Amino acid sequence: MTLVFSYGSNSVAQLRARVSNSSLTARPARLRGHTRIFAMCPPSWGGGVASLQLDPDGTTLGAVVELTEGELAALDVFESSYERRPITVEVRDGGAFRASPGVAYFCTSPEAWAGRPTEAYLTAIHANLREQFGTGAATIEICRLLRDGRIERVDTWTHPGCAALG
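Attention here is on the structure that accompanies the text.

### Regarding the packing of helix H1 (residues 12-19) against helix H2 (residues 69-78)
For the pair H1 and H2, the least separation of the axes is 9 Å and the interaxial angle reads 105°. Considering their axes alone, H1 and H2 lie roughly perpendicular with respect to each other. Judged by residue contacts, Leu 15, Arg 18 and Val 19 of H1 engage Glu 71, Ala 74, Leu 75 and Phe 78 from H2. Considering only residue class, the contact of H1 with H2 consists of 5 nonpolar, no polar and 2 charged.

Structure, rendered in structure tokens:
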């Protein structure tokens, strides 16, 4: 089994469908040394989609699922604009985070800023983070990778109804 770190729109429900495993569960996780950036623009979302970029000061929140080799192969088909890379992810176990080997999908063209992510895409990320971290993960930084390798923070997004979600 391989831990797969999900930090974008891949909710556990979406992953269940993509890998044909209705019993798949997710756990809260974080990836230190990386920042969530937005790049590319697939027609399905109509705006930038998430990737990861090395950043010594960054920490990206997300979730992990455990997949078999067959399930990883099935997910690779859906993530064809991404490259699967090994990472060390911290998984919440009770109240503490514990480092574990895993993988994450990285955009093959991270410098390809395609504009802001759509409200629908940010809401999908928000829903995934809220499922794992509750209301403590209400804000999403919108960042992009510049051609010189620096990360630019473009904006901060908060779900418009977040205060009412309690």
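### A word on the environment of Ser 51
Tracing the backbone shows Ser 51 in strand S3 (residues 49-67). When the C-alpha atoms of Ser 51 and Arg 84 are compared, they prove to be 11 Å apart, with 33 residues separating the residues in sequence. Setting aside its immediate chain neighbours within four residues, Ser 51 contacts Tyr 7, Thr 35, Arg 36, Ile 37, Tyr 82, Phe 106 and Cys 107. Among the polar contacts made by the side chain of Ser 51, one reaches the main-chain amide nitrogen of Cys 107 at a distance of 2.7 Å.

### Details of H2
Buried within H2 are the following residues: Glu 71, Leu 72 and Leu 75. End-on, the buried residues of H2 take up no more than an arc of 100°, which puts them together on one face. Residues Glu 69, Gly 70 and Val 77 are exposed on H2 and point more than 90 degrees away from its buried face. The elements touched by buried residues of H2 are strand S1 (2-6), H1, S3, strand S4 (82-93) and strand S5 (96-107).

### Regarding the packing of aromatic side chains
Counted by the stated rule, this structure contains 2 aromatic pairs. Plain terms: the ring middles of Phe 38 and Tyr 121 are 6.3 Å apart, the flat faces sit at 85° to each other, and that makes the pair edge-to-face. Within this pair, whereas Phe 38 is found in strand S2 (residues 27-39), its partner Tyr 121 is found in helix H3 (residues 119-133), the two being separated by 83 residues in sequence. Grouping residues by exposure puts Phe 38 and Tyr 121 together as buried. Its end group placed over the ring of Phe 97, Arg 30 keeps NZ or CZ at 3.9 Å from the ring centre.

Procedures and definitions
- Residues numbered from 1 in each chain as written.
- Predicted model: local features only at pLDDT ≥ 70, side-chain atom pairs only at ≥ 80, totals over all residues.
- Heavy atoms only, no water.
- Axes fitted to C-alpha atoms, helices over the stretch in contact; angles between N-to-C directions.
- Helix = DSSP H or I, 4+ residues; strand = E, 2+ residues; numbered from the N terminus.
- Parallel < 35°, antiparallel > 145°, perpendicular 65-115°, else oblique.
- Contact = heavy atoms within 4.5 Å.
- Nonpolar A, V, L, I, M, F, W, Y, C, P; charged D, E, K, R; others polar.
- Polar contact = N/O pair within 3.5 Å; in protein donor to acceptor, adjacent residues only side chain to side chain.
- Buried < 20%, exposed > 50% of the residue type's maximum accessible area, 1.4 Å probe, protein only.
- Arc of directions from axis to C-beta.
- Phe/Tyr/Trp six-rings, centres within 6.5 Å; stacked < 30°, edge-to-face > 60°.
- Lys NZ or Arg CZ within 6 Å of the ring centre and 35° of its normal.

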